[in-house]
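Residue-level structural notes
Spelled out, the chains give:
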Amino acid sequence: MIISRSIKSLQKQIKSLKLRNNKISLVPTMGSLHEGHLSLIKKAKGKKRIVIVSIFINPTQFGANEDFAKYPKNTSRDINLLKKISTDIVFLPHNKDILKYKTSKLKQPKLPVEKILCGKSRPRYFPGVGKIIIKLFDIIKPDYAYFGEKDYQQLYFIKQLVKSLKFHTKIIPGKTIRDSSGIALSSRNLYLNDAQKLIAKNIIVILRKTKRELLRNWNPLKILNQNKKILIDIGVSKIDYFELRSENFNKNIPKDRKCRLFIAVFIGSTRLIDNIKIN
Ligand code: AMP
């Protein structure tokens, strides 16, 4: 496995790999890798594919009072995990190199999806994610890039970004990976103590219960309110949002009820998100 820390050396390695007719798959991450990340990497492999995993804790996507300073960092553990599943290149750029890298003629669009759900409570999040993804795509020019459905709004945002900037990268989703108790894997789960984990386990329980109730009797307002109350009763500190949205993030749900439940809650000071498909 090649460990690449500079943009120049990465681009040279990509050029020489491309000469051999390989397609590039990129899996962008912020490190502290878990099975969610690894499942994307496994999916990204294939015949004549070069798999590049980037690890970059993107400072521009964190708000002033968010957890950038304490975001978990486990680089040597990550490198070992990546070696084990035979990744081709791990890109570990220095903050200042990425931040000062100028993209050629690409102007970041403002997309409507940046304003809702996670974008509403974390106004720096999507502009920050977009800023770094544009740079990574411009540097690497991946043929395929993999994003998890765990961050469904982010996946949708990236698809819109690619469309708007006419990148030639195909965005491929990966299923949400959960632990045996149903908690969606997240680097932020490391912040939770045992009592908080008990609450976190019930996020999926409430999502599935809400789904069952909706399909039995379509009364979203009432059912969501009842289940919000249960979340507070079991110890969730704050509900950021718990909403039903169509697959393209509309509040109006289509007749075929193709939609998803989206949730973001605080357990103590840890903010966790999850979502499930309804139909
Ligand atoms: P992060 O390191 O949290 O920025 O995540 C990097 C990528 O892994 C993103 O595309 C996430 O959506 C994806 N990811 C994170 N957690 C999971 C999970 N539990 N299941 C599937 N994908 C995930």
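No experiment lies behind these values; they were computed from the predicted model shown.

Our next topic: the pairing of strand β6 (residues 170-174). As judged from the five bridges shared by strand β5 (residues 144-148) and β6, these two strands associate in the parallel manner. By the bridge assignment, Ala145 is partnered in β6 with Ile171. You can see the chain leave β5, run along helix α7 (residues 152-165) and come back into β6, and the turn it takes is right-handed.

Here we come to the domain arrangement of the chain. Partitioning the chain into structural domains gives domain 1 (2-174) and domain 2 (187-277). Computed over C-alpha atoms only, the centres of domain 1 and domain 2 are separated by 27 Å. Each partner contributes residues to the interface: domain 1 has 22 residues there, and domain 2 has 17 residues. Of the roughly 1800 Å² buried where domain 1 meets domain 2, counting both sides, 56% is carbon and sulfur surface.

Compared with the 20 Å implied by 1.5 Å per residue over 14 residues, the 20 Å span of α7 between its first and last C-alpha is a close match. Among the 14 residues that make up α7, ten are buried, leaving the element largely enclosed by the rest of the structure. Taken together, the buried positions of α7 are occupied by Tyr152, Gln153, Gln154, Leu155, Tyr156, Phe157, Ile158, Leu161, Val162 and Leu165. Lys166 lies just past α7 and shows a positive phi near 55 degrees.

This brings us to the pattern of salt bridges. The tally for this structure, following the rule as stated, stands at 14 salt bridges. The partner of Lys100 in a salt bridge is Asp97, and the shortest N-O contact between them spans 3.9 Å. In this pair, Lys100 and Asp97 are both assigned in helix α4 (residues 95-100), three residues apart and thus about one turn of the helix distant. With a relative accessible area of 19%, Asp97 lands in the buried category. The partner of Asp233 in a salt bridge is Lys229, and the shortest N-O contact between them spans 3.4 Å. Linking Asp233 with Lys229, this pair stays in helix α9 (residues 220-233), spanning four residues, or about one helical turn. Each member of the pair, Asp233 together with Lys229, is exposed.

Rules used in this analysis
Residues numbered from 1 in each chain as written. Predicted model: local features only at pLDDT ≥ 70, side-chain atom pairs only at ≥ 80, totals over all residues. Heavy atoms only, no water. Pairing = 2+ DSSP bridges. Helix = DSSP H or I, 4+ residues; strand = E, 2+ residues; numbered from the N terminus. Right-handed = clockwise from strand over helix to strand, strands pointing away. Domains from an automatic or database assignment. Contact = heavy atoms within 4.5 Å. Buried area = accessible area lost by both parts, 1.4 Å probe. Expected span 1.5 Å × (residues − 1). Buried < 20%, exposed > 50% of the residue type's maximum accessible area, 1.4 Å probe, protein only. Salt bridge = Lys/Arg side-chain N within 4 Å of Asp/Glu carboxyl O.

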